[in-house]
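Fold and contact review
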Amino acid sequence: MKQILEIKDVSRRFGGLQAVNKCRFSVRAGSITGLVGPNGAGKSTLFSLVSGFVRPDSGEVLFDGNHIEKLSAHEIARLGLRRTFQIPRELKQMTVLENLLLVPERQFGDQVRSVLLPGKRVHEEERINLQKAQGVLEMVGLGEKAQHPAALLSGGQKKLLELARCLMADPKLLLLDEPTAGVNPTLIRHLMSVLRRIHASGVTLLIIEHNMTVIMELCERVIVMDRGQVIAAGTPAEIQSNKEVLDAYLGGVSA
Amino acid sequence: MIDYLIAILIFAGIYGFVALGLNIQWGLTGLINLGQVAFFAVGAYTFALLSKAGVPFLLAVAVATTLSGVFGAAVAMFTPRLREDYLAIVTLGFSEFVRLVLLNEKWLAGGPDGVAGVPRPASFPGLGSETSFLIVTALALAFAFWFTRRIERYPIGRTLKAIREDEGVVTSVGKVALAYKTKAFLLGAALAGLGGAFFASYLSYISPDMFGPNVSIYVLAAVLIGAQGSSVATLLSTALVAALLEGTRLLKDYITFVDGVELAALRLMVLGLALIAIVMVRYRPGRP
Amino acid sequence: MEFKIYLISALVMAAIWSLPAAAISLIYGVLRYPNFAIPEFMTLGAYLTLLLCGFSLPLWAAGLLAAVVTGLIALAVDQTAFRFVRKAGILPPVLLSLGLMLVLQNFVRFGWGNGNLQFPILPMRPFIIAGFIITPVQAAIIGLVVVILAGVFLGLRYTEFGRAVRATSTNPELAIVTGVQPERVYGAVLFAAGFLAAVGGIVLATETSLNPLLGWRVLIPLFAVAILGGLGSVVGAALAAVLVGLTSEFSLFILPSSYKTALAFLVLTLVLLVRPSGLVKSRS
């Protein structure tokens, strides 16, 4: 079984807080893997470390067999590893469509010289990107919102927009930070079906999630973190009956 | 009277370049620059020295524009992670630094005496020097306007706006935010330098005291009135500011109860008050 | 011998800079924006002193009165303009201070013209102590500044109101909960800043001369000092003033004097790039 992401003894300290401590696990290519743990367990920090927004103090991160722990965030993104943010960071003053059109790499129109040359090439490029963006928006169910300012979307729709922005880049691995937090139950059903569709199209998903129903239904494998370390890993059923996990969630009170 | 009108239009055009430049940096990309006059000065001096050395008009303008752009890129590259407030201090400080260098280095640019006898481009046949200069300025400004308008509407403008809103998002989609910020600063500074070249050519004499902070404030006010973002609004508001301030410059022929220094001081007080008023309207409580 | 002259000169420079730099620092610490009008309050304070001297007030009385008036003007401007953009982020007050800078500088130019003016004081014979040559005016400046700085420091540290100022600087929301009224703190800070800047301007004019660009010329050194001192710290500002004063005076061994300000700009940029929190860790 091929591992798309391997995290080997990664540590990161912030001042006096050891946020991530020799964390070690891997994610199988083509899987949906859940990452759970109590608040402050270091899950979001781990995402930042993997995606290059924060440098690890020590340890290795391999994506598709290549070391990425020393690359910067934009380089990692270009390799096909994309992340969403826990609190959606939509570009409020832009339309939903513009939020997606930002994404495609190596746009000719993104260079200064394109401005001085005849517009044909840029228009052609925009037409292709526009088609793709429309397709992605249809897929996540935001097709009708294309021309809306992103600021006017609901909380759940903003989560979908974050997803759509990642999909624009044809990622290999998506890190989703609490995709259903603050989303109403109806939209959660919709979000889950979108995630299944994304997975079916060949994208590996690593999901931080507190909603256990989502984890149970979606994930084939769950990794549990506490105090910066992996304390358990297994199928959802195994995790549910794991005593250490229960202790971690209940604040370490021993029975 | 028509001469006054032409003069006001030319000044409006010159400041138009500088304001369009600031609009790319601040309006579009969200990078505050309180020292736009530094690049204006680099352009003016480069043009003045080159064209006095016999370099043809267009070539001297091109070199002046490019060199200012290089200075802009350098400032952006040295300040990659500066917060808004620090960038404000550094850019304002940089502009005063440039002025001090011009003031002190006699060998370079004549020190406090400045540079005199800067030539204008040849006049069109049958037209006066002033009218010809207005036409040349208008043509160059039309080009600058076309350029900035395209920047706004092209994918590159979208990326710059995205940086203004949230730099982290731009990084997360795999783009190098610093590269775009540098480009924005380069382009904005280059446009200021272009304005500087026309300024030197029009006045035929430049000295360091013309490059004080009031020029930066001038264009800050114009870009603010234009609500930071649109080239059209920026140009219109620059024309408005120029009409008010350059227009009052001409009052000295009619007003006899204040002398030249007092009138100049009054005009700059009006500029300061105008900036205060604009900021208070633009950022009044309850406005998003 | 030369060394001793530079040392005195550096200390006098440091004394002059430390009050307006402390003003910038205070505003930065409490209201979180760089106020570019502080140097112009220096100019205004100096010219108001000159005006009052014209009514045959002694210099010390004219200076005190002018500093109080300048403080009140700073307070009034804050209440009529800056107050309304408090919640709008850093940029609006920065731009307002820029506009205010232009207004104040040109108000002075309008009223007194562009020329250099002098306070009506007679040159006095300098003291010579252990080979150090120091004029009575310089000695008075250093003494006055030390007293004022000590007063500000003690006031911030040991009075009830000083506690309110520090609390507002550290955490405004929490300060409100504990019963502090932020607007009163802001008002007091602005008055103090105007007062300190004016005193700085008056002593600078005493050492040099009055000119509409009096304050503007030290804008960069002041910000270098305030940033190096860790914005928000009065003690830091004073220490940084000594450091920048020494650096810029002793740079005269290798650089022409006109580059003092340019040097200060380099110091400022370096600090921002290398250690933006300043030498002394700011309370904020």
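Look a little higher up for the structure.
These notes cover the structure that comes with them. (Residues numbered from 1 in each chain as written. Chains lettered and ligands numbered in written order. Predicted model: local features only at pLDDT ≥ 70, side-chain atom pairs only at ≥ 80, totals over all residues. Heavy atoms only, no water.)

**Examining the interface of chain C and chain B**
At the interface, 40 residues of chain C touch 44 residues of chain B. Our enumeration of links across chain C and chain B arrives at zero salt bridges. The interface formed by chain C and chain B holds two residue pairs in polar contact (both at pLDDT 80 or more) in total. Those elements that provide at least two residues to the side of chain C that touches chain B are α4 (91-112), α9 (219-228) and α11 (260-274) of chain C. Element by element, the count of residues in the side of chain C that touches chain B is highest for α4 of chain C, at 15 residues. When the residues that make up the side of chain C that touches chain B are grouped by side-chain class, the tally is 33 nonpolar, six polar and one charged. (Contact = heavy atoms within 4.5 Å. Salt bridge = Lys/Arg side-chain N within 4 Å of Asp/Glu carboxyl O. Polar contact = N/O pair within 3.5 Å; in protein donor to acceptor, adjacent residues only side chain to side chain. Helix = DSSP H or I, 4+ residues; strand = E, 2+ residues; numbered from the N terminus. Nonpolar A, V, L, I, M, F, W, Y, C, P; charged D, E, K, R; others polar.)

**Structural notes on helix α7 (residues 185-200) of chain A**
All names here are of chain A. Spanning 16 residues, α7 covers 23 Å between terminal C-alpha atoms, matching the ideal 22 Å at 1.5 Å per step. Those residues of α7 that sit buried are Leu187, Ile188, Leu191, Met192, Val194, Leu195 and Ile198. Each buried residue of α7 lies within a common arc of 165° when the element is viewed along its axis, so the set occupies one face. Pointing more than 90 degrees away from the buried face of α7 are the exposed residues Thr186 and Ala200. Buried residues along α7 sit against α5 (120-140), α6 (155-167), β7 (173-177), β8 (204-208) and α8 (212-218). A positive backbone phi angle near 105° is found at glycine 202, which sits one or two residues after α7. (Expected span 1.5 Å × (residues − 1). Buried < 20%, exposed > 50% of the residue type's maximum accessible area, 1.4 Å probe, protein only. Arc of directions from axis to C-beta.)

**Some words on the nonpolar core**
Membership of the largest hydrophobic core comes to 247 residues, with the highest contact counts inside it found for Trp26 and Leu34 of chain B together with Phe36 of chain C. Residue contributions to this core peak at 17 residues, all from helix α1 (residues 2-31) of chain C. Once residues within four sequence positions are removed from consideration, leucine 34 of chain B is found in contact with Ala88, Thr91, Leu92, Ser216 and Leu220 of chain B together with Phe36, Val94, Leu95 and Leu98 of chain C. Counting residues in hydrophobic clusters, the runner-up holds 25 residues, among them Leu5, Phe47, Ile223 and Met225 of chain A. (Core = buried A, V, L, I, M, F, W, Y, C linked by side-chain atoms within 4.5 Å.)

**Brief notes about the environment of phenylalanine 223 of chain C**
Of note, phenylalanine 223 of chain C is situated in helix α9. Residues contacting phenylalanine 223 of chain C, with those up to four places away along its chain left out, are Ile89 of chain B together with Ile24, Pro34, Asn35, Phe36 and Leu268 of chain C.

**Observations concerning a nonpolar patch on the surface**
There is a patch of nonpolar side chains on the surface, built from Leu116 and Leu117 of chain A together with Phe143 and Trp146 of chain B and spanning about 380 Å² of accessible area. Within the secondary structure layout, leucine 117 of chain A lies in the loop between α4 (112-116) and α5. What makes leucine 117 of chain A partly exposed here is its relative accessible area of 36%. (Patch = residues over 30% accessible without salt bridge, like charges linked within 9 Å, V, L, I, M, F, W, Y side chains within 5 Å. Areas by Shrake-Rupley, 256 points an atom, 1.4 Å probe, with all protein chains shown as cover.)

**Some words on the packing of aromatic side chains**
One pair of aromatic rings is described through two measures. These are the centre distance and the angle between the planes. Inspection of every chain in the model, using the stated rule, returns 26 aromatic pairs over all chains. Positioned over the ring face of phenylalanine 53 of chain A is arginine 83 of chain A, at 5.2 Å from the centre of the ring. (Phe/Tyr/Trp six-rings, centres within 6.5 Å; stacked < 30°, edge-to-face > 60°. Lys NZ or Arg CZ within 6 Å of the ring centre and 35° of its normal.)

**Things to note about the side chain of threonine 84 of chain A**
Here threonine 84 of chain A lies in the loop between β6 (81-83) and α3 (96-101). When near neighbours in sequence (up to four residues on either side) are disregarded, threonine 84 of chain A contacts Glu162, Leu163, Cys166, Leu175, Leu176 and Asp177 of chain A.

**With respect to α6 of chain A**
Given a rise of 1.5 Å per residue, 13 residues ought to cover 18 Å, and the 19 Å separating the end C-alpha atoms of α6 of chain A matches this to within 8%. Burial analysis of α6 of chain A places 12 of its 13 residues in the buried class, which makes it a mostly covered element. Along α6 of chain A, the residues that are buried comprise Gly156, Gln157, Lys158, Lys159, Leu160, Leu161, Glu162, Leu163, Ala164, Arg165, Cys166 and Leu167 of chain A. Summarising the contacts, the buried residues of α6 of chain A are in contact with β6, α3, α5, β7 and α7 of chain A together with α8 (167-172) of chain B.

**Here we look at the sheet that holds strand β1 (residues 3-14) of chain A**
All names here are of chain A. The four strands are arranged β2-β1-β4-β5 in an open sheet whose pairing can be described as antiparallel. Lying at the two open borders of the sheet, with one neighbouring strand each, are β2 (17-28) and β5 (66-67). Pairing analysis gives five bridges linking β1 to strand β4 (residues 58-63), with the strands arranged antiparallel. Bridge pairing in β4 links lysine 8 to glutamate 60. (Pairing = 2+ DSSP bridges.)

**Structural notes on the arrangement of the chains**
The highest contact count of any of the two pairs of chains in contact belongs to chains B and C. A gap remains between chain A and chain C, which never touch, and the nearest two C-alpha atoms on either side lie 15 Å apart.

None of the figures reported here should be taken as evidence of function without further support.
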